[in-house]
Amino acid sequence: MLHQIVRQPLLHARFINALARMEYTGVRKMLKARSSQSLDVDGLQHALEEASHAYRLKKFALQIAAEAASEVQTFAARHCLGGDAGESYLQTVDHACEAELADLTDDGRTDLNYLLSSALIEIRADAFYPLYESALREAESPISIRGILKDEERHLAEMDQRLHAHIANADQRIERVLALEEGAFSNWLAAFDADMHAWLASHRAEELASSN
Ligand SMILES: [Fe+2]
Ligand SMILES: [Fe+2]
């Protein structure tokens with residue numbers, strides 16, 4: 001699927017815009033969840049780096065869309081491959097983490113939720129972004145997400161280390177929510193796939209109409 005997306009600039013631009021939206025939604029959730037009382041310099045850096053991922057991906061989407069930049073102007077569903085499905089993915093991960101931590105006392109639970117949900121998303125990013133990067137290199141694309149991937153690897157190491165320092169049975173908890181995250185990610189991929197096929201079908205119909 002990634003190889004097919006990367007070969008079609010308009011489809012690809014909408015795909016990158018969907019990733020940019022995810023990074024942006026991640027930052028928004030992070031800022032909302034983290035209180036000034038517990039935010040340290042690493043937390044601030046994490047939010048800034050995720051915001052820079054959103055910005056860099058947005059710029060890539062505009063670069064790939066070229067003269068069709070209006071196709072990826074906003075993060076509205078019509079400008080993103082898979083529509084709103086990315087946001088549903090984040091909601092599902094969030095709720096799964098909340099449920100997993102429900103047995104803990106209120107004290108610091110919001111911060112633990114941030115660590116757990118971030119760890120899950122970073123695990124996914126560290127699995128998915130390398131596949132996307134190799135599809136980019138194979139297609140000799142002018143863009144690269146290697147820099148973003150490096151940040152995500154560092155984030156995962158940090159989340160993992162902090163989770164283990166602050167929570168009992170961290171590995172078991174991660175395993176349990178990962179099983180739910182996998183289902184949510186498959187749904188997101190299915191939305192990409194359905195949107196891509198709809199786009200290819202309408203594109204072919206337009207080509208046929210213009211050749212007649
Ligand atoms: Fe990111
Ligand atoms: Fe990250």
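Structure's up top.
Since the structure is predicted, the reported quantities are computational estimates derived from the model, not experimental observations.

Caption draft 1: Region of the structure containing the overall build of the protein. Counting its secondary structure elements, the protein contains seven helices and zero strands. The helix and strand sequence of the protein, counted from the amino end, reads α-α-α-α-α-α-α. Over its C-alpha trace the protein gives a radius of gyration of 18 Å, about what one expects of a compact globule, namely 17 Å for 212 residues. Each of the three principal axes of the protein carries a C-alpha extent, and together these read 70 × 30 × 30 Å. Contacts in the protein between residues at least 24 apart in sequence constitute 77% of all its contacts with a sequence separation of at least 6. Entry remark: accessible area of the protein is about 10900 Å², with carbon and sulfur atoms responsible for 54%.

Caption draft 2: Inspection of a nonpolar patch on the surface at higher detail. On the surface, Leu39, Leu44 and Leu48 cluster together to form a nonpolar patch covering roughly 280 Å² of accessible area. A residue is classified by how much of its surface remains accessible, and Leu48, at 59% relative accessible area, is exposed.

Caption draft 3: Summary view of empty space enclosed by the protein. A full pass over the atoms with the stated rule returns one cavity of 30 Å³ or more. Space inside the largest cavity adds up to approximately 50 Å³. Around the largest cavity, the lining residues are Ala18, Arg21, Met22, Cys80, Leu81, Gly83, Asp84, Gly86, Glu87 and Trp188. Elements with a minimum of two residues in the lining of the largest cavity: helix 2 (9–33) and helix 4 (85–100). With three residues, helix 2 is the single largest residue contributor to the lining of the largest cavity.

Caption draft 4: The arrangement of a negative patch on the surface in detail. Side chains of Asp160, Asp171, Glu175 and Glu182 sit close together on the surface and give a patch of like negative charge. Counting residues per element, the negative patch draws most heavily on helix 7 (residues 170–211), at three residues. Mapping Glu182 onto the fold places it in helix 7. The exposure class assigned to Glu182 is partly exposed, which follows from its relative accessible area of 46%.

Caption draft 5: Spatial organisation of helix 4. Helix length check: helix 4, at 16 residues, gives a terminal C-alpha distance of 23 Å against a target of 22 Å (1.5 Å per residue), a fit within 8%. Along helix 4, the positions that sit buried rather than exposed are Ala85, Gly86, Glu87, Tyr89, Leu90, Val93, Asp94, Ala96, Cys97 and Glu100.

Caption draft 6: Spatial organisation of the coordination of the iron ion (ligand 1). Summarising the metal site, the iron ion (ligand 1) is bound by the protein donors Glu23 (OE), Glu23 (OE), Glu50 (OE), His53 (ND1) and Glu152 (OE), whose distances to it range over 1.9 to 2.6 Å. The sequence pattern formed by the donor residues of the iron ion (ligand 1) is E-x26-E-x2-H-x98-E. Between the iron ion (ligand 1) and the iron ion (ligand 2) the interatomic distance amounts to 3.7 Å, and Glu50 serves as a bridging ligand to the pair. Here the residue Glu23 occupies a position in helix 2, and His53 occupies one in helix 3 (residues 41–65), the gap between them amounting to 30 residues. On the basis of relative accessibility, which here comes to 0%, the residue His53 falls in the buried class.

Caption draft 7: The coordination of the iron ion (ligand 2), seen in detail. All of the protein donors around the iron ion (ligand 2) are Glu50 (OE), Glu122 (OE), Glu122 (OE), Glu152 (OE) and His155 (ND1); their distances to the metal are 1.8 to 2.7 Å. In primary sequence terms, the donor set of the iron ion (ligand 2) follows E-x71-E-x29-E-x2-H.

Conventions and cut-offs
Residues numbered from 1 in each chain as written. Chains lettered and ligands numbered in written order. Predicted model: local features only at pLDDT ≥ 70, side-chain atom pairs only at ≥ 80, totals over all residues. Heavy atoms only, no water. Helix = DSSP H or I, 4+ residues; strand = E, 2+ residues; numbered from the N terminus. Rg over C-alpha atoms; globule rule 2.2 N^0.38 Å. Contact = heavy atoms within 4.5 Å. Areas by Shrake-Rupley, 256 points an atom, 1.4 Å probe, with all protein chains shown as cover. Patch = residues over 30% accessible without salt bridge, like charges linked within 9 Å, V, L, I, M, F, W, Y side chains within 5 Å. Salt bridge = Lys/Arg side-chain N within 4 Å of Asp/Glu carboxyl O. Buried < 20%, exposed > 50% of the residue type's maximum accessible area, 1.4 Å probe, protein only. 1 Å grid on protein atoms, 1.4 Å probe; cavity = no way out; pocket = protein on both sides within 12 Å on 5 of 7 lines; lining within 4 Å. Points joined across faces, edges and corners; volume = space filled by probe spheres on them. Lys, Arg positive; Asp, Glu negative; His and termini not counted. Charge placed at Lys NZ, Arg CZ, Asp CG, Glu CD. Expected span 1.5 Å × (residues − 1). Donors = N, O, S within 2.8 Å, 3.2 Å for Na, K, Ca; no water.

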